[in-house]
Amino acid sequence: MEFDQVLSLLGQLGKYQVQLFFAIALPTMSASLLNLSAVFIMAAPDFRCAIPGLENDTYTVQDDHHQSLINATIPRGETCKIYSNTSGVNRTTQGCSAWVYDTSVFLSTAVTDFNLVCEYKILSSVVTMAFMFGMLVGGFVCGRISDKFGRLTVIVVGSVLQGISGLAFAFSVNIYMLIGCRFLMGFFGLGIYASCFVYVLEIVGPDRRTAAGIGQSFYHSLANVLITLPAYFIRDWVYLSITLSSVSFLVIPYWWLFPESPRWQIAKGRKKEAVKFIRKAAKTNRKIIPEKIFEELDLAISDDQPKGSLLDVLKSGVMLRRTAIVCLNWGAIAMGYYGLSLNSGNMVGDIFVNFLISGAIEIPAGIFALVALDRIGRRGVHVFCMILGGLGCLATIPVVIFADSSLSSWLLIVLSNVGKFGLSAGFKVMYVYTAELYHTTVRSAAIGINSISARMFSMAAPYIADLGVLIGGNFSQVLPQIVFGSAGLIAGIFAVFLPETLNTVLPKTLEDAIALGNKKKHCNNEAHFEAANPAFVKDEDVNVEMKEMDTKY
């Protein structure tokens with residue numbers, strides 16, 4: 001008796017699993033809230049050099065005398081220089097060491113408090129990059145902690161440590177503390193998100209995993225919409241950081257209220273805990289599980305599982321090329337997704353409206369992926385999403401060249417969100433697609449490797465998002481979109497060479513994985529697999545077998 005068969009008896013997505021699915025929303029969203037909070041916390045308002053010797057200088061002009069002092073001290077159009085002498089025809093300029101900021105949108109941000117402008121502007125991108133680097137390391141380390149100590153352990157303990165890191169970030173005393181705390185927030189944040197994703201997949205039946213996995217990503221999208229509310233009403237970055245970080249501590253009661261993943265308990269040989277979960281689920285779902293089931297439940301790890309490693313994958317030319325294409329797509333998606341999200345703060349218009357639209361567009365993107373994935377196919381949907389995302393970003397070029405300024409601002413926002421729609425949907429598809437391209441013994445490791453590729457690319461996202469600010473000029477608003485769009489388009493074109501995995505048996509061996517895309521070989525491998533595994537059950541035979549089991553017990 002396999003655990004998937006037990007889940008079929010319990011209900012692949014019964015009332016109990018649905019309750020746990022909704023409960024996992026809080027830790028998922030708490031991690032996601034801190035993910036893109038940098039758009040508001042690290043916002044760079046308009047600024048100029050402070051007038052030397054004027055203690056009550058403000059960015060807003062106070063009166064005519066104040067305006068005359070500004071004209072005499074600050075070169076027209078300059079934000080980082082002042083006149084070294086205030087008289088004479090050939091006045092020279094020099095850099096300044098103090099600035100005043102526009103407080104009409106934000107009372108303060110980390111940028112204004114630590115003066116991360118002018119020659120220090122790059123440090124603002126470093127703070128954001130530190131979060132991405134933390135995600136890279138956290139995905140690697142927390143995944144192994146989750147496998148050893150449990151999904152719930154990482155979710156609860158990680159949430160507490162993430163909350164502490166966020167509070168420490170709010171009270172940072174220097175730039176080094178900002179960078180370090182932001183790294184820890186990314187480290188624990190991805191660990192929490194990944195553990196929540198795995199937890200959801202492990203409590204539902206095989207026919208509901210795609211829907212549950214993509215459904216869980218909706219919590220991330222919802223958090224990106226909801227963060228706009230506290231950011232709008234709390235315009236001080238310290239209080240906003242404290243508010244968002246405090247949400248993480250609400251996860252503490254989960255330690256006592258919710259069960260550990262039953263699959264993890266089975267893998268660790270904890271039969272009593274796994275049986276307790278099954279009995280609780282059966283009671284809540286109003287299902288009767290015969291006692292004979294618990295006797296036949298196979299909790300041992302089989303010794304005859306096929307062996308293999310990532311090294312074997314890299315030795316195969318087919319799998320090596322496939323892995324390179326998958327890594328490219330993960331990287332292009334992550335870089336574009338995070339880059340466009342961060343760049344929403346640099347777009348013309350209200351920063352809150354822009355970010356709200358950018359976050360909301362992920363919801364229909366997820367719905368599209370969920371509906372199209374099992375109807376059109378993995379490859380077709382993914383290629384469409386990547387090309388749509390790339391073309392949406394690249395279409396901003398003619399807008400800047402030909403459209404007038406009153407129209408171009410809105411067109412740039414619309415096209416940017418078309419790109420965000422494609423890349424967001426592609427992100428959701430790629431999790432499912434990658435799992436189906438690799439065989440059993442390396443599937444988790446392959447997802448981990450590709451996730452690392454995504455984080456490496458996303459580390460460049462904050463720098464690319466700030467290209468327009470650093471370079472300036474007519475193309476300042478679209479330069480990031482050009483980079484993100486080109487990467488997405490190239491990755492989408494290469495994805496055409498990946499095999500389709502819709503309605504195929506998950507590959508168990510390296511040979512099965514290589515045979516994907518070769519119908520003759522794949523059919524032979526499938527027939528061989530069934531012959532060698534008489535207990536193997538096809539999707540269309542599940543209901544028949546369940547009826548037989550009901551009759552038997």
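Nothing here was measured: the structure is a model prediction, and the numbers come from that model. (Residues numbered from 1 in each chain as written. Predicted model: local features only at pLDDT ≥ 70, side-chain atom pairs only at ≥ 80, totals over all residues. Heavy atoms only, no water.)

**Q** What is the right way to read the side chain of Thr112 from this model?
**A** Along the chain, Thr112 falls in helix H6 (residues 110-113). Among the polar contacts made by the side chain of Thr112, one reaches the main-chain carbonyl oxygen of Thr109 at a distance of 2.9 Å. In contact with Thr112, other than residues within four places in its own chain, are Pro45 and Tyr101. (Helix = DSSP H or I, 4+ residues; strand = E, 2+ residues; numbered from the N terminus. Polar contact = N/O pair within 3.5 Å; in protein donor to acceptor, adjacent residues only side chain to side chain. Contact = heavy atoms within 4.5 Å.)

**Q** Please clarify how a nonpolar patch on the surface should be interpreted in this entry.
**A** Taken together, the side chains of Val157, Leu161, Ile164, Ile252, Trp255 and Trp256 define a hydrophobic patch exposed on the protein surface, amounting to about 590 Å² of accessible area. At the level of secondary structure, the elements contributing two or more residues to the nonpolar patch comprise helix H8 (151-170) and helix H13 (254-257). Among the elements that make up the nonpolar patch, the one with the highest residue count is H8 (three residues). Tracing the chain through its elements places Ile164 in helix H8. (Patch = residues over 30% accessible without salt bridge, like charges linked within 9 Å, V, L, I, M, F, W, Y side chains within 5 Å. Areas by Shrake-Rupley, 256 points an atom, 1.4 Å probe, with all protein chains shown as cover. Salt bridge = Lys/Arg side-chain N within 4 Å of Asp/Glu carboxyl O.)

**Q** Sorry, what's going on with unusual backbone geometry here?
**A** For residues that are not glycine, phi is negative in most cases, and the peptide bond is trans in most cases. A positive phi is found at Asn115, a non-glycine position, where the angle reads about 50°. Along the chain, Asn115 turns up in the loop between H6 and helix H7 (121-149). Non-glycine residue Arg286 carries a positive phi angle of around 60°. The topology assignment puts Arg286 in the loop between helix H15 (271-285) and helix H16 (291-296).

**Q** I would appreciate a short explanation of helix H20 (residues 362-376) in the present structure.
**A** What sets the pattern is the α-helix's 3.6 residues per turn: residues three or four places apart point alike. Its 15 residues place the ends of H20 20 Å apart at the C-alpha level, agreeing with the 21 Å of an ideal helix rising 1.5 Å per residue. Taken as a whole, H20 has its buried residues at Glu362, Ala365, Gly366, Ala369, Ala372 and Leu373. Looking at the residues trailing H20, positive phi occurs at Gly377, about 120°. (Expected span 1.5 Å × (residues − 1). Buried < 20%, exposed > 50% of the residue type's maximum accessible area, 1.4 Å probe, protein only.)

**Q** Mind showing me how you'd approach the nonpolar core here?
**A** Note on soluble globular proteins: their nonpolar side chains tend to be buried together. Grouped together as the largest cluster of nonpolar side chains are 117 residues, with contacts concentrated most on Phe40, Met42 and Phe169. For this core, the element with the most residues is helix H18 (residues 317-343), which contributes twelve residues. Ignoring anything within four residues of it in the chain, the contact list for Phe40 reads Phe106, Thr109, Ile227, Ala231, Leu240, Ile351, Phe352 and Phe355. Of all hydrophobic cores here, the second largest spans twelve residues; its members include Ala372, Leu373, Cys385 and Phe421. (Core = buried A, V, L, I, M, F, W, Y, C linked by side-chain atoms within 4.5 Å.)

**Q** I'm lost on the side chain of Ser32 in this one. Help?
**A** Examined against the element boundaries, Ser32 turns out to sit in helix H3 (residues 25-35). Within polar-contact distance, the side chain of Ser32 engages the backbone oxygen of Thr28 at 2.9 Å. When near neighbours in sequence (up to four residues on either side) are disregarded, Ser32 contacts Tyr193, His220, Ala223 and Asn224.

**Q** Quick question: what am I supposed to make of the state of the cysteines here?
**A** Linking two cysteines covalently via their sulfur atoms produces the bond known as a disulfide. For the structure shown, the criterion picks out two disulfides. Each sulfur in the disulfide pair Cys49 and Cys96 lies 1.9 Å from the other. Disulfide Cys49 to Cys96: torsion about the S-S bond roughly -70°, handedness left-handed. Placement of Cys49 in strand E1 (residues 47-49) and of Cys96 in the loop between strand E3 (93-95) and strand E4 (99-101) is noted, with a sequence separation of 47 residues between them. Judged by relative accessible area, which is 10%, Cys96 ranks as buried. Sulfur-sulfur distance for the disulfide between Cys80 and Cys118 comes to 2.0 Å. Across the S-S bond linking Cys80 and Cys118, the dihedral sits near -95°, which makes this disulfide left-handed. Of this pair, Cys80 sits in the loop between helix H5 (64-73) and strand E2 (81-83) while Cys118 sits in the loop between H6 and H7, and the two are 38 residues apart along the sequence. Indicated for the chain is the disulfide connectivity 1-3, 2-4, based on numbering the bonded cysteines in sequence order. (Disulfide = S-S within 2.5 Å.)

**Q** Help me understand the pattern of salt bridges in this model?
**A** Where charged atoms of side chains with opposite charge meet at close range, the side chains can pair. The full count for this structure, using the stated rule, is four salt bridges. Among the salt bridges present, the one from Lys420 reaches Glu362, with a minimum N-O distance of 3.2 Å. Pair noted here: Lys420 is in helix H23 (residues 405-437) and Glu362 is in helix H20, with a separation of 58 residues, a long-range link. Judged by relative accessible area, which is 0%, Glu362 ranks as buried. Among the ionic pairs, Arg378 bridges to Asp374, the shortest N-O distance being 2.7 Å. Judged by its relative accessible area of 5%, Arg378 is buried.

**Q** Sorry if this is basic, but what is going on with the packing of aromatic side chains here?
**A** The way to describe two aromatic rings as a pair is by their centre distance and the angle between their planes. Tallied over the entire structure, the rule returns 19 aromatic pairs. Ring geometry for Phe21 against Tyr219: centres 5.4 Å apart, planes inclined by 40°, an arrangement best described as tilted. Of this pair, Phe21 sits in helix H2 (residues 15-23) while Tyr219 sits in helix H10 (residues 209-226), and the two are 198 residues apart along the sequence. Of the residues examined, Phe21 reaches a relative accessible area of 16% and is grouped as buried. On the basis of relative accessibility, which here comes to 9%, the residue Tyr219 falls in the buried class. With a centroid separation of 5.4 Å and an interplanar angle of 80°, the aromatic rings of Tyr232 and Phe352 are classed as edge-to-face. (Phe/Tyr/Trp six-rings, centres within 6.5 Å; stacked < 30°, edge-to-face > 60°.)

**Q** How should I be thinking about helix H9 (residues 175-202) in this particular structure?
**A** A rise of 1.5 Å per residue sets the reference length of H9, with its 28 residues, at 40 Å; its end C-alpha atoms lie 41 Å apart and thus fit the reference within 8%. Backbone nitrogen of Tyr176 and a side-chain oxygen of the N-cap are separated by 3.1 Å at the start of H9; the cap is Asn174.

**Q** What am I meant to see in the packing of H7 against H8 here?
**A** Two quantities define a packed helix pair, namely the angle between the helix axes and the distance between the axes. It is the contact of H7 with H8, at a shortest axis distance of 10 Å, that shows an interaxial angle of 155°. As summarised for this structure, H7 and H8 are arranged roughly antiparallel, according to the angle between their axes. Note that H7 runs across H8; the crossing there is right-handed. On H8, the residues that touch Val127, Cys142, Ile145, Ser146, Asp147 and Phe149 of H7 are Arg151, Thr153, Val154 and Phe169. (Axes fitted to C-alpha atoms, helices over the stretch in contact; angles between N-to-C directions. Parallel < 35°, antiparallel > 145°, perpendicular 65-115°, else oblique. Left-handed = near helix turned anticlockwise from the far one by under 90°.)

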